Structures are given as C-alpha cells and as structure tokens.
Amino acid sequence: MSGRVATPTVRLRRLASQLRKLRAASNMTRDEVTEVTGINGVTLYRIEAARSRPQARTLKALLDLYGVEGPLRDELLAVLKESGERGWLHAFEPPLPDQYTAYIGFEQEARRLLNYESLFVPGLLQTEDYARAVIRCMPPMASPEEVEARVEARRRRQASLTGDQPLHLWAVIDEAVLHRQVGGREVMRAQLQRLCDVSEEPNITLQVVPFGDGAHAGMHGSFILMQFGEGNEDVIYIEGMTADLFLENESDIQRYSLVFEHLRAVAASPKVTRGLVTAVLKADF
C-alpha cells in the first residue's frame, strides 16, 4: 500500500452505508441508477464503497431518486459537509502524511480504542519529549520542522482523552516498554510518571504484560482497534515502516479482537500495573 492510497473516513463510511441501503430499498441496481441519473457507474461504485466523496449535487440527485426528504435528507447532507472538514489538521506545515491524517480522522471519531504496543508508550499517553525522541529515530529521517509538526499533532490528539465525552482508551503494553530508555533517563522518568498519573483516569485503562508471562499473542506486532458504535464498523490500524494498514474485514476484526482479549487476560491488572510502573520508576530512573 502506498502513501497515496485514499482511506475512507468514518463519515464517508456512514454515508456510503446509508446510500447502499437506500438503493437496495428502492430495488434498483447500480446500472439502473446510472441510467436514470447519469452518474458514472464507476463513480457510483466508489461512492457506495466509501472510496470517493460525492459532490453535493450528486448526493442530492441520489436522494431525489430514492425519495429521501426531511430529517434523513438533512442528516446525510450534513454528513457530506462534515466529511470534508479537516479541523486543526489543515494548519500543519509541512503537511502530515496522508495515512497519518486518515488515522487521526478515525481516532477523533472513535468512542473506544484498544491499543497494544510492544515497543513504545502508546501515542496518546506520550509526553512531548518522549514523542520527539521516538519521531526523530523513525526512518525516513524527518527534518526538524517535520518532527515538530508530528509532535504537535500528537499533543493535540491527546485532547480526545479529556472533555465532556472523552475517548475511552484501553492500552496494553509489553514490560519492555518500561525499561527502554527512549530519550534518556530524565525523559523516561517523566514518561513513567505520566503513565502512573493517567492510569488513575476513569476513561483510561493501562495494563502491562510482564516478562514472566513468556511468549504471548502480541509478540507479532502492535496494533490499534478503533470502535465507533452507532452501527459503524470497527477498524484495525497497523503502523508500518513504509506504509500503514487499515483493516476493515470482519475476519480481521475478529482475529485482532481475540488477540486483544488474550492480552488483557494475561496482562497484570491495572492496580498491579501501577505498582510495576512505580517500581521501575524508583529502581531504574
């Protein structure tokens, strides 16, 4: 997968799902819709697959054809408008990579994140200094401006954990994360203290898989399972060195959900985890 592959946003997926249902309820094939509206067949397919954002006039033509009026029509037109909004992301110079902005878009709309990390502190729980040290060492080597842009983006992402309806984060990390001195002793001391502090928040659950547990299901790599609710399908995000993956197939969701359940079961409890982090903080830093 290249960095230029478009990734559907949550809003586009919701819109696509509604349009598929409306066409099915109208007992029409795509060819029939194309014949009546003049909308290109490939374009219609991409819209229904959440791979293209329809123009407003295209959406209105489809809603007219399906006889959609009132609140549902207003809702779908609003979803289309919102799907084009990038919020604070548009202000970044240099711009953030396409797949990273796609991930941030998903994260901003998720209700719950299940995050397993084998090497790093989860991004939403990183201090700025820790994040800066991590980003600097990731190839391809970024310029100082690019590093700071990504650090700032990570800082802004963390706002989702606070507020009236905060994101619920369940993070499981390998014990190795606690011992690797990312950024040096002072940076790690502050990072471990942050983990102790945030683990007390009601919307954040932190667990550590101790070394003593031996081999476990998460050793194949880190991943994030994003859950949205309201009939929206979950998404798996896997960050890679040359490309990121977004998995949406039901079989993939089930597989990674099962892995996360296994990790939660073998990991230390949140209370014991706080004790482990505190012990490492006192002994090593």
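In what follows, the structure referred to is the one given above.
These remarks concern the structure in this document.

Criteria and cut-off values
- Residues numbered from 1 in each chain as written.
- Predicted model: local features only at pLDDT ≥ 70, side-chain atom pairs only at ≥ 80, totals over all residues.
- Heavy atoms only, no water.
- Helix = DSSP H or I, 4+ residues; strand = E, 2+ residues; numbered from the N terminus.
- Contact = heavy atoms within 4.5 Å.
- Lys, Arg positive; Asp, Glu negative; His and termini not counted.
- Charge placed at Lys NZ, Arg CZ, Asp CG, Glu CD.
- Buried < 20%, exposed > 50% of the residue type's maximum accessible area, 1.4 Å probe, protein only.
- Pairing = 2+ DSSP bridges.
- Axes fitted to C-alpha atoms, helices over the stretch in contact; angles between N-to-C directions.

1. Re the overall build of the protein chain
Point 1. Looking only at helices and strands, the protein chain has 12 helices and 6 strands in total.
Point 2. C-alpha atoms of the protein chain, sized along the principal axes, occupy 70 × 40 × 35 Å.
Point 3. Sequence-distant contacts, at least 24 apart, represent 74% of the contacts inside the protein chain between residues at least 6 apart.
Point 4. Counting 34 positive and 39 negative side-chain charges, the protein chain places the centres of these two groups 1 Å from one another.

2. Some words on the environment of Gln191
Point 1. Structurally, Gln191 is set in helix α10 (residues 185-198).
Point 2. Exposure remark for Gln191: the relative accessible area of 0% places this residue in the buried category.
Point 3. Once the C-alpha coordinates of Gln191 and Leu263 are considered, the two residues, 72 residues apart in sequence, prove to be 23 Å apart.

3. Considering the environment of Gly70
Point 1. As for its position among the elements, Gly70 is in helix α5 (residues 70-83).
Point 2. By relative accessible area, which is 32% here, Gly70 ends up partly exposed.
Point 3. In this structure the C-alpha to C-alpha distance between Gly70 and Arg154, which are 84 residues apart in sequence, comes to 40 Å.

4. What about the environment of Glu230?
Point 1. With respect to the helices and strands, the residue Glu230 is situated in the loop between β4 (223-227) and β5 (235-238).
Point 2. Look at Glu230 and you get exposed, because its relative accessible area is 60%.
Point 3. Residues Glu230 and Arg14, 216 residues apart in the sequence, show an inter-C-alpha distance of 9.5 Å.
Point 4. Beyond its immediate chain neighbours, meaning those up to four positions away, Glu230 contacts Arg14 and Arg111.

5. As for the sheet that holds strand β2 (residues 168-174)
Point 1. The 6 strands are arranged β3-β2-β1-β4-β5-β6 in an open sheet whose pairing can be described as mixed. The sheet terminates laterally at β3 (204-209) and β6 (245-247), the two strands that pair on one side only. The sheet shows a mean angle of 15° between the axes of neighbouring strands, direction not considered.

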